[in-house]
Amino acid sequence: MRSPTFRKMAAPVDLELKKVIERTKTRSRVGLLSNTYEAFSELQVKMIDTQQKVKLADLQIEQLTHVQKHANLTHAEISTLGDNTRMYEGVGRMFILQSKDDITQQLKVKQKTAEEKIKELEQKKVYLERSVKEAEDNIREMLLSRRAQ
């Protein structure tokens, strides 16, 4: 049988060992939490950034649609005028005399350019929206896996 002195000495050693084990567990949990928090923060920043890019693409599409409509209306008005009508193009603070064909050609180029840019922006917007959806799914998955632990 063990002496009472041995029991008194063993108790503090056991307590210290338990404390060290608890600290180790806590540190590993804190490490997991900090890694999870960092990953969550990165995904959140990525999602917010992508959402801002989607909004910017929407604004650019809206502006290009306005330019396209303006060019289309101007072209429709010019087409009703006679061929010998004097037409001026605004350049900065001055106006330059242009032929009807030149102005018509410029309006067609402006419409075509706006249409191409709108298509590019819509493709970019679809990609960005898909990226936002993936980021949301990753965040949701991370939160669910964290709750499961």
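Reading the values: rules and limits
Residues numbered from 1 in each chain as written. Predicted model: local features only at pLDDT ≥ 70, side-chain atom pairs only at ≥ 80, totals over all residues. Heavy atoms only, no water. Helix = DSSP H or I, 4+ residues; strand = E, 2+ residues; numbered from the N terminus. Buried < 20%, exposed > 50% of the residue type's maximum accessible area, 1.4 Å probe, protein only. Contact = heavy atoms within 4.5 Å. Areas by Shrake-Rupley, 256 points an atom, 1.4 Å probe, with all protein chains shown as cover. Salt bridge = Lys/Arg side-chain N within 4 Å of Asp/Glu carboxyl O. Pairing = 2+ DSSP bridges. Patch = residues over 30% accessible without salt bridge, like charges linked within 9 Å, V, L, I, M, F, W, Y side chains within 5 Å. pLDDT = per-residue confidence, 0-100.

K.L.:
Explanation requested: the overall build of the chain in the structure shown.
P.N.:
In terms of helices and strands, the chain carries 2 helices and 2 strands. Each helix and strand of the chain, placed in order from N terminus to C terminus, yields the pattern α-β-β-α. In the chain, buried positions account for 17% of the 149 residues. Sequence-distant contacts in the chain: of pairs separated by 6 or more residues, those separated by 24 or more amount to 71%. Approximately 12300 Å² of the chain is accessible, and the part contributed by carbon and sulfur atoms is 56%.

K.L.:
I keep staring at the environment of His70 and nothing clicks. Help me out?
P.N.:
Along the chain, His70 falls in helix α1 (residues 4-79). Note: C-alpha distance between His70 and Lys110 (40 residues apart in sequence) is 9.8 Å.

K.L.:
Even after reading the chapter, I still don't get the pattern of salt bridges, so can you show me in this structure?
P.N.:
Following the criterion strictly, the structure yields 6 salt bridges and no others. In this structure, Asp83 engages Lys100 in a salt bridge whose closest nitrogen and oxygen atoms are separated by 3.7 Å. Of the two residues, Asp83 is situated in the loop between α1 and β1 (87-91) and Lys100 in helix α2 (residues 100-148); the sequence distance between them amounts to 17 residues. Asp83 gets classed as exposed once you look at its relative accessible area, which sits at 67%. Under the relative-accessibility criterion, Lys100 is labelled buried at 12%. Among the salt bridges present, the one from Asp137 reaches Arg140, with a minimum N-O distance of 3.2 Å. With Asp137 and Arg140 both in helix α2 and 3 residues apart, this pair spans about one turn of that helix. Under the relative-accessibility criterion, Asp137 is labelled partly exposed at 32%. Look at Arg140 and you get partly exposed, because its relative accessible area is 47%. Residues joined in a network through salt bridges with shared partners are Lys133, Asp137 and Arg140.

K.L.:
Just checking my understanding: could you explain the pairing of β1 for this structure?
P.N.:
Regular strands place side chains that alternate from one sheet face to the opposite one. Bridging between β1 and strand β2 (residues 94-98) involves 5 bridges; their strand directions are antiparallel. For Tyr88, the partnering residue across the bridge sits in β2 and is Leu97. Counted between consecutive antiparallel strands, the loop separating β1 from β2 contains 2 residues, among which Gly92 sits at a positive phi close to 65 degrees.

K.L.:
Before we go on, may I ask you to explain the environment of Gln44 in this structure?
P.N.:
Following the sequence through the fold, Gln44 ends up in helix α1. With a relative accessible area of 35%, Gln44 lands in the partly exposed category.

K.L.:
How should I be thinking about a nonpolar patch on the surface in this particular structure?
P.N.:
A cluster of nonpolar side chains, Tyr88, Phe95 and Leu97, forms an exposed patch at the surface whose accessible area comes to about 360 Å². One can find Leu97 in strand β2. Residue classification places Leu97 among the partly exposed residues on the basis of a relative accessible area of 45%.

K.L.:
What is the right way to look at the confidence of the model for the chain in this model?
P.N.:
When pLDDT is averaged along the chain, the result is 80, and 75% of the positions lie at 70 or above. At the level of individual helices and strands, the chain shows its lowest average pLDDT in α1, which scores 73, and its highest in β2, which scores 94. Considering only residues more than four positions removed or in separate chains, one finds that residues 1-13, a stretch of pLDDT under 50, has 1 contact.

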